[in-house]
Amino acid sequence: MINTILRYTFIFVVLVLTQVVLLDNIEISRYTVPFLYVLFILVLPFDTPGWLLLLLAFLTGFTIDLFEHTYGLHTAATVLMAWLRPGVLQLIAPRDGYTPNTRPGISDYGLGWFLEYTIPLILVHHLFLFYFEVFTFHHFFSTLLRVLGSTSFTLVLVLLGQLFVLKNRRE
Amino acid sequence: MRNLLNLIYRYHFFLLFLVLETIAVSMGVRYNFYQKAKFVAFTENIAAFFNETVSSFTDYFHLVETNRKLSLENTMLRNQLQRVYRSDDLFFFSEHDTVHRQKYFFTSARVISNTVTRMHNYLTLDKGRDQGIEPEMGVICSEGIVGITTGVTRNFTSVLSVLNLNFHVSAKLKKNNYFGTISWDGRDYRTVILSEIPYHVEVSPGDTVVTSGYSSLFPEGIPIGTVEEAHVENGNFYIIRVRLFTDFRHLTYVDVIRNLQKEEQQKLRQE
């Protein structure tokens, strides 16, 4: 139990630092702004209680908001994503459900499952985030392009993160 | 009562979601420009610590370019300087001045964080209240206009960048003094929009746009950019796309402007 808490605290700190120290300073173009920190919500264990999931999402989003001066934007997007997570997990569950002691990741459930799991959630997060940020449907397609570009970029980073975990486990 | 508790228990996931989401969304919507400034001041110290560390590394990449610009600017200033103000590394002191009526007073500061890809971009500077910076002061660099200070802590300042949907400043065409408003449409970090120029005015690509001096934040004639393209949109006014002089991707040193007569000017306006 203590181990689990330590493990996820570590992941949280690493992801938040990566986001604010590294990714926020890499500005490739306005169509590819990655938000890797959402990975924290994605990798939480299957049996995380709903209330904890939401509170952790609130905490994560709020921390990012503090660093980006956005007040509520990331919080709202992340809480929405966390709320949808159990539903998505249920929709794509394997026939005999999730085995205890496995984690949501490529190593336990394969790439196909992982993509089905992450793409919709990251997409919802980014859709909400970018439209809430501009607060208008005025430049609808330009914003949509930003959403799609950034979602792809975040996804690539999430997959790279998975490679890192896979390698660790093999050793 | 028990039924109610049961109900809450059964739907606690959804209810908690509603509560948290409402808090977050209302935070996002309610914090407008000025409230944000206060909030920034509150959180700036934590964020600034990280940003300053990162910036101390990234500054090296811009050293050559920055040095070149600084030496150019130094020469230019030496040529312009008619009255010498005592200076050290940090500040320029104005002498008590009853003859020349110095109106503006510049403080140099280093940019320690900056974004250009968001819709609401902010910069952070490494000077704050202790160095004489206050909210709502203009910020420029050697090339042109940069933004307006919002939140100020003891040693840090956050600046509302020109590249922010909330940014507006009064500007004019240099050649004929017709004035309008500069704002950003969020499309490209290299261009802004000049609006409210009447359609009978002659505007051609290449015309220079400068600050008008009507706001008490910027002196008159600070360069903004050149006209790239102009068209009349439904009715009487031009929509002019202006290419900025300031390269927001390479900002390192900026000047914060204190208007020594701002209070006097505002007092008159209120009367």
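Residues numbered from 1 in each chain as written. Chains lettered and ligands numbered in written order. Predicted model: local features only at pLDDT ≥ 70, side-chain atom pairs only at ≥ 80, totals over all residues.

Caption draft 1: Spatial organisation of the overall build of chain A. A count of helices and strands for chain A gives six helices and zero strands. Expressed as a percentage of the 171 residues in chain A, the buried residues total 35%. The long-range share in chain A, meaning contacts at least 24 apart out of those at least 6 apart in sequence, stands at 68%. (Helix = DSSP H or I, 4+ residues; strand = E, 2+ residues; numbered from the N terminus. Buried ≥ 20, exposed ≤ 12 C-beta atoms within 10 Å, placed from the backbone. Contact = placed C-beta atoms within 7 Å.)

Caption draft 2: Structural detail: the sheet that holds strand E11 (residues 237-244) of chain B. Residue and element names in this part refer to chain B. Within the closed barrel, the six strands sit side by side as E6-E7-E8-E11-E10-E9. Their pairing is antiparallel. Averaged over neighbouring strand pairs, the angle between their axes works out to 40 degrees when direction is ignored. Bridge count between strand E8 (residues 191-198) and E11: seven bridges; the pairing is antiparallel. The residue bridging Thr191 from the neighbouring strand is Arg243, located in E11. (Pairing = 2+ DSSP bridges. Axes fitted to C-alpha atoms, helices over the stretch in contact; angles between N-to-C directions.)

Caption draft 3: Summary view of the pairing of strand E6 (residues 168-173) of chain B. Residue and element names in this part refer to chain B. Sheet analysis places E6 next to strand E7 (residues 179-183), joined by five bridges and oriented antiparallel. Following the sheet pairing, His168 is matched in E7 by Ser183. The hairpin turn running from E6 into E7, its antiparallel successor, is five residues long, and Asn177 in that turn takes a positive phi close to 65 degrees. Pairing analysis gives three bridges linking E6 to strand E9 (residues 208-211), with the strands arranged antiparallel. The partner of Ala171 across the bridge, within E9, is Thr211.

Caption draft 4: Representation of the pairing of E11 of chain B in the model. Residue and element names in this part refer to chain B. Along E11, the buried face is formed by Tyr238, Ile240, Val242 and Leu244; none of Phe237, Ile239, Arg241 and Arg243, which line the opposite face, is buried. The pairing of strand E10 (residues 223-233) with E11 spans eight bridges and is antiparallel. Bridge assignment links Ala230 to a residue of E11, and that residue is Ile240. As consecutive antiparallel partners, E10 and E11 are separated by three residues, and within that stretch Gly235 has a phi angle of approximately 120 degrees, a positive value.

Caption draft 5: Geometry of the interface of chain B and chain A. The partner chain A presents 26 residues to the 27 residues of chain B that form the contact. When residues of the side of chain B that touches chain A are traced back to their parent elements, those giving at least two are helix H2 (12-30) and helix H3 (33-58) of chain B. No other element matches H2 of chain B, which puts ten residues into the side of chain B that touches chain A. When grouped by side-chain class, the residues that make up the side of chain B that touches chain A number 17 nonpolar, eight polar and two charged. (Nonpolar A, V, L, I, M, F, W, Y, C, P; charged D, E, K, R; others polar.)

Caption draft 6: Unusual backbone geometry, seen in detail. Residues and elements named next belong to chain B. With a phi close to 60 degrees, Glu136 is a non-glycine residue in the positive phi region. Relative to the assigned elements, Glu136 resides in the loop between strand E2 (120-125) and strand E3 (138-140). Positive phi, normally seen in glycine, also occurs at Asn177, with a value near 65 degrees. Tracing the backbone shows Asn177 in the loop between E6 and E7. Take Asn177: there are 10 C-beta atoms within 10 Å of it, and that puts it in the exposed class.

Caption draft 7: Local environment of the confidence of the model for chain B. All names here are of chain B. Summary statistics for chain B give a mean pLDDT of 80 and a share of 83% for residues scoring 70 or more. Segment residues 82-91: pLDDT under 50, and nine contacts once partners within four positions in sequence are set aside and those in other chains are kept. As scored by the predictor, the complex reaches a pTM of 0.65 and an ipTM of 0.80. (pLDDT = per-residue confidence, 0-100.)

Caption draft 8: View of the nonpolar core. Counting 47 residues, the largest nonpolar core has Val146 and Val254 of chain B as the members making the most contacts within it. Of the domains in this structure, domain 2 (43-165 + 250-270) and domain 3 (168-244) of chain B are the two that each give at least three residues to this core. Apart from the residues within four sequence positions on either side, Val146 of chain B is in contact with Val139, Ile140, Cys141, Val159, Ser161, Val162, Thr246, Leu251 and Val254 of chain B. Val20, Ala57, Ile122 and Phe130 of chain A belong to the second-largest nonpolar core, a separate cluster that totals 37 residues. (Core = buried A, V, L, I, M, F, W, Y, C linked by C-beta atoms within 7 Å. Domains from an automatic or database assignment.)

Caption draft 9: Broad picture of the sheet that holds E2 of chain B. All names here are of chain B. Taken in spatial order, the six strands line up as E1-E2-E5-E4-E3-E12 and close into a barrel, and their pairing is antiparallel. Between one strand and the next, the sheet's axes are offset by a mean angle of 45 degrees, whatever the strand orientation. Two elements, strand E1 (residues 104-114) and E2, share three bridges in a ladder whose sense is antiparallel. Each residue of the ladder has a partner; that of Ser113, found in E2, is Thr124.

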